[in-house]
Amino acid sequence: MDSPDVIVIGGGTGGYSTALRAAALGLEVVLVERDKVGGTCLHRGCIPSKAMLHAAELVDGIAEARERWGVKATLDAVDWSALVATRDDIVARNHRGVEAHLAHAGVRVIKGSARLTGPRSVRVACSAAPGARPSTHGETGVHDLSARRGLVLATGSQPRTLPGLEPDGRHVVTSDDALFAPGLPASVLVLGGGAIGVEYASFHRSLGAEVTLVEAADRIVPLEDGDVSRHLTRGLKKRGVDVRAGARLLDAEVLGDRVRARLRTARGETLTVEAERLLVAVGRIPVTDGLDLAAAGLATDPRGFVVPGDWDRLETAVPGIHVVGDLLPPPSLGLAHASFEEGLLVAETLAGVPSAPVDYAVVPRITYSSPQTAAVGLSEAEARARGYEVETSTLPLTAVAKGMVHGQGGMVKIVTETGGRVLGVHLVGPHVSEMIAESQLVVGWEAEPSDVARHVHPHPTLSEAVGEAFLTLAGRGLHQQ
C-alpha cells in the first residue's frame, strides 16, 4: 500500500491549492481527481462564465458607443462558434497551467474515483476522463493508499435540480451546462436570483435574449445588502430584464422547442411564461456520492455538508480528515477564492506550520453581472441584527466624474459601528469587482473611517467614490452633503 503524507480527493480550487501548498512545504502528496483538475470553477463555472460575460460586455459596449458617444459602430452578429472557441482556449490554457504547477511541485495526480476504506485510507479505481490526460504516473487499475499525516476531502458541488424538471442540456439546463448548450436562445427563463442566476440573466440579455429572472425571496441577491439588491434590480430592469422577485415556479413542461412555465407571482397571481430555454440556478449541493464516508466514521449533515469538528483547522470529528471547498457548510461561502484560503490553511496545518483560521467575515462576494456587485462584511440589516449601533454613508457612483463617464449608475455604501470600525462595504456598478480588495483590508483590519480617509484615492477613478464615502463618515467630505 502506498503511504504518502497527504491524500487529497478532488482537484478543484480547494483540492489543488491544498496539494500545491502541502508539496511546497515538503510533504509527499497524492491528488485524486476523477474528471479534470481545476474542477467546476475552471471547466464549468468561474472561468468560462467570466469569459462569456466579457464577450457580453463587449456587445454592450458597441451599443453604448453608438447610442451615447456618437461612435457609429454596428453589430452584425455574434459568431457563437468563435466565441465558444475563445472561451475554450482560455479554459484549456488555464487547465494546462494547473497541471504544470502540480507536476512542477511534485504532486502525484491519479485520475480515478476514490472511496474511503478507513480513517486515512483510500481505494482509487483509475480511469481516464474524456479529454483528460492520463495519470501523471501512468496508473491503471485499482490503488490502495494510506495517508501518514492526513486526508483532505475536496470533492466540490453540483447544481441543485428541481423535482420533475430534469435537465436535458438543451431546453432545461443548469448552471453547469448552460454555457455549453447549443447556440444562443432567443428567450430564457432563469430560476434563481442569486449570483449565478443574475450573471446568466445578464449574459443572455446582453446577447439579445428576452430574459425573465425569477427569485422566490422578496428580492434578488437576497444575501446582500438591501440597497445593493435595489440598485441591481433597477440596473437589470433598465436593460430589459423582467425581474420577478417573490415569485415561485408552479410547474413547467417542454413543448416542442419551447418551455412553458407557470409562476405564482408576489401578488398571488398565476403567470405563464414561455421561453426557448429554462435555466435552473437554485443553488448547489455537495458531492459525496461514492465516497463511502461511513467507512471513515464520517457522515453528512441533513443538507449534505461535511461539518468540521474544528473550524480553526477545518478538521472533521475524525482526526486527520480535513475538508475544504463546497463540502463545507456556512459560514464557508462556497466561493473559489475562499477555498484557496481553506486549502492553504489545511496544508499548513498538516505540515505543522502555524496558520490563522479563515475569516469568512472578510471574504469578498461578487456578482459579475451588468451592473456588477461586490461586498465584504456585514450588511446594514445584519449589523443591526447583531446589536450594533450603525452609521452608514451612501454615495452614487455618478457623484464622481469617472462614474459619469461610465454612465451606468451604481453606488457605494459603507456600514460602520457608530463612532467605531467599518463593518461592511457594498458596491454596485461597473468594474466594482476590481475595487473590493481594498475594502477587504479595511474590514479585516478593523479600520475606522478616519483611518481610510487619511489615504488619497486617485482622481478620476471609480474608487474615488469609496474614498469620498469614507471622508464623509470621517467628517471631511467634499462632494457629499
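Right above here is the structure, for reference.
I will try to describe carefully the structure that is included in this document.

What follows covers the pattern of salt bridges. All told, the structure shown has 29 salt bridges when counted by the stated rule. A salt bridge links D144 to R123; the shortest N-O distance between them is 2.7 Å. One end of the pair, D144, is in strand β5 (residues 142-146); the other, R123, is in strand β4 (residues 121-126), and 21 residues separate them in sequence. Classification of R123 as partly exposed rests on a relative accessible area of 36%.

This part is about the side chain of E315. Mapped onto the fold, E315 is located in the loop between β16 (284-286) and β17 (321-323). Classification of E315 as buried rests on a relative accessible area of 13%. Once you skip the residues sitting within four places of it in the chain, E315 turns out to touch P308, G309, D310, G320, I321 and H322.

Strand pairing in a sheet relies on backbone hydrogen bonds. The paired strands run either parallel or antiparallel. Strand order in the open sheet formed by 5 strands is β18-β19-β22-β21-β20, and the pairing between neighbours is antiparallel. With partners counted over all chains shown, the strands left at the sheet margins are β18 (365-367) and β20 (390-396), one partner each. The sheet shows a mean angle of 10° between the axes of neighbouring strands, taken without regard to direction. Relative to strand β19 (residues 372-377), β18 runs antiparallel, the two sharing 3 bridges. Note on β19: the bridge partner recorded for R365 is A375.

For residues that are not glycine, phi is negative in most cases, and the peptide bond is trans in most cases. Across the junction of P330 and P331, the peptide omega takes the value 20°, indicating a cis bond. Position of P331 among the secondary structure elements: in the loop between β17 and α7 (336-350). Look at the link from H459 to P460: it is a cis peptide, with omega at -5°. Along the chain, the position of P460 falls in the loop between α11 (449-453) and α12 (463-473). Positive phi, normally seen in glycine, also occurs at V221, with a value near 35°.

Our focus in this paragraph is the packing of aromatic side chains. Enumeration over the complete set of coordinates arrives at 2 aromatic pairs. Aromatic side chains Y16 and F340 sit 5.9 Å apart centroid to centroid with 70° between the ring planes, which places their arrangement in the edge-to-face category. In this pair, Y16 is assigned in helix α1 (residues 13-24) and F340 in helix α7, connecting sequence segments 324 residues apart. When its relative accessible area of 15% is taken as the criterion, Y16 is described as buried.

What follows covers the environment of H95. Take H95: it is sitting in helix α4 (residues 80-105). Residue H95 is classed as buried on the basis of its relative accessible area of 8%. Residues H95 and L42, spaced 53 residues apart in sequence, show a C-alpha to C-alpha distance of 7.3 Å. Excluding its chain neighbours within four sequence positions, the residues that come into contact with H95 are K36, V37, L42 and H43.

Time to look at the packing of α1 against α7. As a packed pair, α1 and α7 sit with axes 7 Å apart at the nearest point and diverge in direction by 35°. Like other packed secondary-structure pairs, α1 and α7 cross with a definite hand, here right-handed. For the pair formed by α1 and α7, the contact residues are T13, G14, Y16, S17, T18, R21 and A22 on the first element and A336, S339, F340, G343, L344, V346, A347 and E348 on the second.

Put simply, the second largest pocket is a space of about 1200 Å³. Contributing to the lining of the second largest pocket are 40 residues, with D60, R239, S370, P371 and Q408 lying nearest its centre. Per-element accounting of the lining of the second largest pocket gives the leading share, 11 residues, to helix α3 (residues 46-67). Here the lining of the second largest pocket is built from residues that sort into 11 nonpolar, 18 polar and 11 charged.

There is a patch of nonpolar side chains on the surface, built from W69, V71 and V405 and spanning about 290 Å² of accessible area. With respect to the helices, strands and loops of the structure, V405 is situated in helix α9 (residues 401-406). A residue is classified by how much of its surface remains accessible, and V405, at 41% relative accessible area, is partly exposed.

Scoring rules and cut-offs
- Residues numbered from 1 in each chain as written.
- Predicted model: local features only at pLDDT ≥ 70, side-chain atom pairs only at ≥ 80, totals over all residues.
- Heavy atoms only, no water.
- Salt bridge = Lys/Arg side-chain N within 4 Å of Asp/Glu carboxyl O.
- Helix = DSSP H or I, 4+ residues; strand = E, 2+ residues; numbered from the N terminus.
- Buried < 20%, exposed > 50% of the residue type's maximum accessible area, 1.4 Å probe, protein only.
- Contact = heavy atoms within 4.5 Å.
- Pairing = 2+ DSSP bridges.
- Axes fitted to C-alpha atoms, helices over the stretch in contact; angles between N-to-C directions.
- Phe/Tyr/Trp six-rings, centres within 6.5 Å; stacked < 30°, edge-to-face > 60°.
- Left-handed = near helix turned anticlockwise from the far one by under 90°.
- 1 Å grid on protein atoms, 1.4 Å probe; cavity = no way out; pocket = protein on both sides within 12 Å on 5 of 7 lines; lining within 4 Å.
- Points joined across faces, edges and corners; volume = space filled by probe spheres on them.
- Nonpolar A, V, L, I, M, F, W, Y, C, P; charged D, E, K, R; others polar.
- Patch = residues over 30% accessible without salt bridge, like charges linked within 9 Å, V, L, I, M, F, W, Y side chains within 5 Å.
- Areas by Shrake-Rupley, 256 points an atom, 1.4 Å probe, with all protein chains shown as cover.

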